[in-house]
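# Examining the three-dimensional arrangement
What follows is each chain in one-letter form.
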Amino acid sequence: MGIWTWMSRLREPRCCGETEARSSQAEFTFQAIAIGLLIGCLLCFTNLYFGLQTGWISMMSLQSALIGFLLSKMLPTPLSPQEIIVVQTTAVATGTMPLAAGFVGILPALGLLEEEKDGSPPIRLSWLAAVGWSCSVAFFGVFLSPPIRKQVIIKEQLAFPSGTATAQLISVLHRMPPPDTTLRRRSGYRAIDSEDLRDPTAVTDEPENHQEAAEDDFDEREVVQREGWEDLLFSFLASGAMTLTAYFFPIVFAIPMFGKYLAREWLWSFTPSLSYVGQGIIMGFPTTLSMNLGMLVGWGILSPLSKYSGWAPGPVGDMSTGARGWILWVSLAIMCADSLVSLLPVVYEYCIKMAAWYRPAKSADDAETHEDLEVETADRLVPAKWVIYGLLSSICVGTILVWIVFGNDGIKPWATLIGFMMGGLLSILGVRALGETDLNPVSGLGKISQLLFAWIQPGNVVANIIAGGVAEAGAQQAGDLMQDLKTGHLIRASPRAQFYGQLIGSSLSIIVSATAYTLYQRAYTIPGPSFPAPTAYVWLSLARLLRDGQLPQNSASYMVLFAIIFGVVAGVKVMAAQRNHPYTKWIPSGVAFAIGFLNTPSFSLARLIGGIIEFMYHKRVTKSGGADIRLIVIASGFVLGEGVISVISLVLKTYGVGVASCWGCSGGVCAGCPA
């Protein structure tokens, strides 16, 4: 397609009601791309900020669609449902680059290298080098997504619960019939009733149910259209105001609610951040509960045990000799065990399907059955030759860029090629796990790639981290984009238009992510007190372990113990999920439990408050129409408020504007305290 043809399609008029006579890419408009990029840039800054703080990044696809809908109401002609899909897809591709390109894990880990321990001095990339590294991994997952879509969405019709929930939301907001799906709804959204789905007679026997559902949907639309902007604006301003206040008065985000001794010596403080409350609302109560159980075990039991037993004699917060570094190994064992056990059923089913493909078909009709499931015409799909050329180009260019950025001593070009191939294989596993469980086990997949490269290039810590990052980037990107493609499939958006949005969003995010990370590096020590980048220590610690085989004193026995426990827990959770057991969500998540170890208690406690609000809200308040969506709007405003206003804090820090008062700190309580 020529560039002029492409640009002319951006200016095509939108016809919300037409489906048959519309052009093949009518949803690919300038308005949709512009709004998607705007939301995506905000998400990019937000995800980089929170990723460096806690290691946790939100995909925010449902929130992007909701905010895009509210922004489009300001236009003379509001966006169509299909255009909202393009908004969401572009925003997610832009906003998740900090994780895909390793700005919250890989690059900070390279900055922690030590010549004596790792055989390499710290590697800190310049802005241009960061752009080059981002370009090397930014497009592989995008070109990988069309063939994976064909398999997991069209042929196998996997669930992708978050993508389906977003489609339900869009159908409600645009007065569309609900998507044709029998999937259970995501917690926190009630466009369809899961109890009705389990009982087919409940849908057909009582016509009143349809009327009540229609009235509920009408109420939700009216509430969002009437009060959505106010809720988003007020929650955004409240979170932003608290963020600025905490910048000038740091004690606001480091309240020593358990006493100054515990706050200073054991890191037990409370951060009443509205953004963390919003994240807790989005995560849901079961996930935040698992996180806080991990916090209690890690920081309430294992941290004092390792300190007083002499296994971690340094300061508690020290990642090398302190209790925080000691419990890091236990969290690593939990994440690996949980991810690997969760992947086993996916690997088994995939092997069964692969074996079935090589068996002779019973009839010619069987071969055509899958093809008939594709609902889009060829001019709305991504051509196969684009995929092939794109994959080959992204791999070749990516390998060259990695070699230019890190040199031959960092990682050999042939090892980078293997990293891309590993990324392709792991992407299939990650996407299948995401489609069935709504969880993308990228942390576990990254560790698998590190294990492989410890054998391929033994003793090279730098190569281990980089190759693991290349493989993880493809799996993470393909998984996140697949949720959007599932939403587009249900709402009948053009996969090619979504593909364009993914390319444009990823391209812009390269510059935005690299610029933001460079500014943070200049203003703060990363990792450091304000931005500890906990996942960086996970990457580096495993790479060192695979090279040296040395663990902190007595940590091995606890790693094995917790790996066994959470391997069993993960197995029980998988079996319960396969049987659709109603209490599956209450079985602890191993990854969330391990995050409770990685983050200090201040982060987990605020998220628990958000989880409790979400649980109580849906128990008592959602009987009134619009409450579910309204809660999502408020939570999104909380998260975006601190993430966006943090840019102002970054500018103030860069120009030397410091805190106004250290009142209440008493030295060592607040992050980055100069006392």
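Report on the accompanying structure. (Residues numbered from 1 in each chain as written. Predicted model: local features only at pLDDT ≥ 70, side-chain atom pairs only at ≥ 80, totals over all residues. Heavy atoms only, no water.)

### Brief notes about helix H19 (residues 384-410)
A rise of 1.5 Å per residue sets the reference length of H19, with its 27 residues, at 39 Å; its end C-alpha atoms lie only 34 Å apart and thus fall more than 12% short of the reference. Of all the bends found along H19, the most pronounced is centred on isoleucine 404 and spans about 75°. Along H19, the residues classified as buried are Val387, Gly390, Leu391, Ser394, Ile395, Gly398, Thr399, Val402, Phe406 and Gly410. (Helix = DSSP H or I, 4+ residues; strand = E, 2+ residues; numbered from the N terminus. Expected span 1.5 Å × (residues − 1). Bend = angle between axes of the 7 residues up to and from the residue. Buried < 20%, exposed > 50% of the residue type's maximum accessible area, 1.4 Å probe, protein only.)

### Description of a nonpolar patch on the surface
A surface patch of nonpolar side chains, amounting to about 620 Å² of accessible area, comprises Ile255, Met257, Phe258, Tyr261, Leu262 and Tyr308. Structurally, methionine 257 is set in the loop between helix H13 (207-248) and helix H14 (260-266). (Patch = residues over 30% accessible without salt bridge, like charges linked within 9 Å, V, L, I, M, F, W, Y side chains within 5 Å. Areas by Shrake-Rupley, 256 points an atom, 1.4 Å probe, with all protein chains shown as cover. Salt bridge = Lys/Arg side-chain N within 4 Å of Asp/Glu carboxyl O.)

### Brief notes about unusual backbone geometry
With an omega of -10°, the peptide bond running from isoleucine 526 to proline 527 counts as cis. Along the chain, the position of proline 527 falls in the loop between helix H23 (495-523) and helix H24 (534-548). Despite not being glycine, asparagine 554 has its phi angle at roughly 60°, a positive value. As for its placement among the helices and strands, asparagine 554 is situated in the loop between H24 and helix H25 (555-578).

### What to know about the packing of helix H9 (residues 140-155) against H19
Running from N to C, H9 and H19 cross one another at 150°; their axes reach a closest spacing of 9 Å. Between H9 and H19, the angle is such that the two are roughly antiparallel. Considering the relative orientation of H9 and H19, their crossing is left-handed. Contacts between H9 and H19 involve Phe140, Phe143, Leu144, Pro146 and Pro147 from the former and Trp386, Val387, Gly390, Leu391, Ser394 and Ile395 from the latter. Of the residues that constitute the contact of H9 with H19, the class distribution is nine nonpolar, two polar and no charged. (Axes fitted to C-alpha atoms, helices over the stretch in contact; angles between N-to-C directions. Parallel < 35°, antiparallel > 145°, perpendicular 65-115°, else oblique. Left-handed = near helix turned anticlockwise from the far one by under 90°. Contact = heavy atoms within 4.5 Å. Nonpolar A, V, L, I, M, F, W, Y, C, P; charged D, E, K, R; others polar.)

### Quick look at the side chain of glutamine 63
Within the secondary structure layout, glutamine 63 lies in helix H3 (residues 61-72). Note on glutamine 63: relative accessible area 5%, which makes it buried. Dropping the residues within four chain positions of it, glutamine 63 is found in contact with Ile282, Ile632 and Ser636.

### Focus on the nonpolar core
One finds Leu110, Trp133 and Ile466 to be the most contacted residues of the largest nonpolar core, which totals 163 residues. Looking at which element gives the most residues to this core, the answer is helix H22 (residues 461-491), with 14 residues. Among the nonpolar cores identified, the runner-up in size contains eight residues, and Leu343, Leu429, Leu445 and Ala471 belong to it. (Core = buried A, V, L, I, M, F, W, Y, C linked by side-chain atoms within 4.5 Å.)

### Points about the packing of aromatic side chains
The final tally for this structure, using the stated rule, is 26 aromatic pairs. Centroid distance tyrosine 49 to phenylalanine 531: 5.7 Å. Interplanar angle 75°. Geometry classified as edge-to-face. Linking tyrosine 49 in helix H2 (residues 30-54) with phenylalanine 531 in the loop between H23 and H24, this pair joins segments that are 482 residues apart in sequence. Relative to phenylalanine 420, the ring of phenylalanine 140 has its centre 5.3 Å away and its plane inclined at 70°; by these criteria the two rings are edge-to-face. In this pair, phenylalanine 140 is assigned in helix H9 and phenylalanine 420 in helix H20 (residues 413-437), connecting sequence segments 280 residues apart. A relative accessible area of 1% places phenylalanine 420 in the buried class. A network of ring pairs unites the aromatic residues Tyr49, Phe50, Tyr276, Tyr520, Tyr524, Phe531 and Phe603 as a single cluster. Against the face of tryptophan 386 rests arginine 496, its NZ or CZ located 5.1 Å from the ring centre. (Phe/Tyr/Trp six-rings, centres within 6.5 Å; stacked < 30°, edge-to-face > 60°. Lys NZ or Arg CZ within 6 Å of the ring centre and 35° of its normal.)

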